[in-house]
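This is what each chain is made of:
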Amino acid sequence: MSTAGIVTMFLGALMVATRAPLIFTPRKALAALRFVFYTETRTRLLGGVITTLEIPMIWAGLTENSDLAGFLLVFGIFILMITILVLVIFPQAYMGLVESLMPKETDTNLFGWRLLGVVAVIVGTAIFNVGFNAL
């Protein structure tokens with residue numbers, strides 16, 4: 001079994017699971033996102049959680065010799081550096097970015113957010129498929 005394939009499948013499934021609520025309940029998904037990024041402590045906590053998700057990516061990249069493993073290693077290190085820098089050390093910058101992207105009114109049409117959810121689910125499914133094929 002390919003460790004890189006398993007990690008890639010997990011990342012694809014995680015992407016689908018976290019983006020699917022944007023399709024079905026975008027108001028609640030955006031409210032949850034706003035809740036997570038409301039304080040610096042929650043933002044830093046999310047950064048810690050994301051950091052623990054990047055460790056298997058780096059580990060899988062180090063244990064195998066394939067193109068997928070090399071990509072996981074480079075992408076994992078890149079995301080790790082960005083996460084630590086933006087979410088853990090300077091959370092205010094990311095909180096401001098999230099707040100500027102959120103819709104101000106709750107009764108606006110959220111078609112764009114639903115479309116973003118559909119695209120993200122399709123990309124997550126493709127990532128899962130790449131991992132499945134690597135097994």
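A. Inspection of the overall build of the protein chain at higher detail. Helix and strand counts for the protein chain stand at 6 helices and 0 strands. Secondary structure elements in the protein chain, listed N-terminal to C-terminal, are α-α-α-α-α-α. Along the first, second and third principal axes, the C-alpha atoms of the protein chain reach 50 × 30 × 15 Å. Here the protein chain, with 135 residues, has 29% of them falling under the buried criterion. Relative to all contacts within the protein chain whose residues are 6 or more apart in sequence, the contacts with residues 24 or more apart total 79%. Accessible area of the protein chain: about 8,500 Å², with a carbon and sulfur share of 74%.

B. Representation of the packing of helix 1 (residues 3–24) against helix 4 (residues 67–89) in the model. Relative to each other, helix 1 and helix 4 sit at 55 degrees, their axes nearing to 9 Å. Relative to helix 4, helix 1 is oriented oblique. In terms of crossing hand, the pair formed by helix 1 and helix 4 is left-handed. Where helix 1 approaches helix 4, its residues Ala-4, Gly-5, Val-7, Thr-8 and Leu-11 are matched on the opposing element by Leu-68, Ala-69 and Leu-72. Looking at the contact of helix 1 with helix 4 residue by residue, the class counts come to 6 nonpolar, 2 polar and no charged.

C. Fine view of the packing of aromatic side chains. Under the criterion given, the structure shown has 2 aromatic pairs. Arranged with centres 5.5 Å apart and planes meeting at 5 degrees, the rings of Phe-71 and Phe-75 form a pair that is stacked. Here Phe-75 and Phe-71 lie together in helix 4, a separation of 4 residues that amounts to about one turn. On the basis of relative accessibility, which here comes to 36%, the residue Phe-75 falls in the partly exposed class.

Rules behind the numbers
Starting afresh in each chain, residues are numbered from 1 along the sequence in its written order. Given that this is a predicted model, residues contribute local features only at a pLDDT of at least 70 and side-chain atom pairs are listed and counted only at 80 or more, while totals for whole chains, interfaces and linings are drawn from all residues. Calculated side-chain values reflect all of the structure's heavy atoms, with hydrogen atoms and water omitted. The numbering of helices and of strands both runs from the N terminus, where a helix is a DSSP run of H or I of at least 4 residues and a strand a run of E of at least 2. The buried label applies to any residue whose accessible area, calculated with a 1.4 Å probe on protein chains only, is under 20% of its type's maximum; exposed applies above 50%, and partly exposed to all values in between. A contact between two residues is defined here by any heavy atoms of the two lying within 4.5 Å. Surface accessibility follows the Shrake-Rupley procedure with a 1.4 Å probe radius. Residue values consider only the protein chains on display as shielding. To obtain each axis, a line is fitted to C-alpha atoms, and for helices this fit is confined to the stretch in contact; angles are then taken between N-to-C directions over 0 to 180 degrees. An angle below 35 degrees is read as roughly parallel, one above 145 as roughly antiparallel, one from 65 to 115 as roughly perpendicular, and any other as oblique. Here is the rule for handedness: rotate from the far helix to the near one, and if that takes an anticlockwise turn smaller than a right angle the crossing is left-handed, while a clockwise turn gives right-handed. Under the grouping applied here, Gly and all other residues not named as nonpolar or charged are polar, the nonpolar ones being Ala, Val, Leu, Ile, Met, Phe, Trp, Tyr, Cys and Pro and the charged ones Asp, Glu, Lys and Arg. Side-chain rings of Phe, Tyr and Trp, where Trp is taken by its six-membered ring, are said to pair if the distance between their centres is within 6.5 Å; with planes under 30 degrees apart they count as stacked, over 60 as edge-to-face, and otherwise as tilted.

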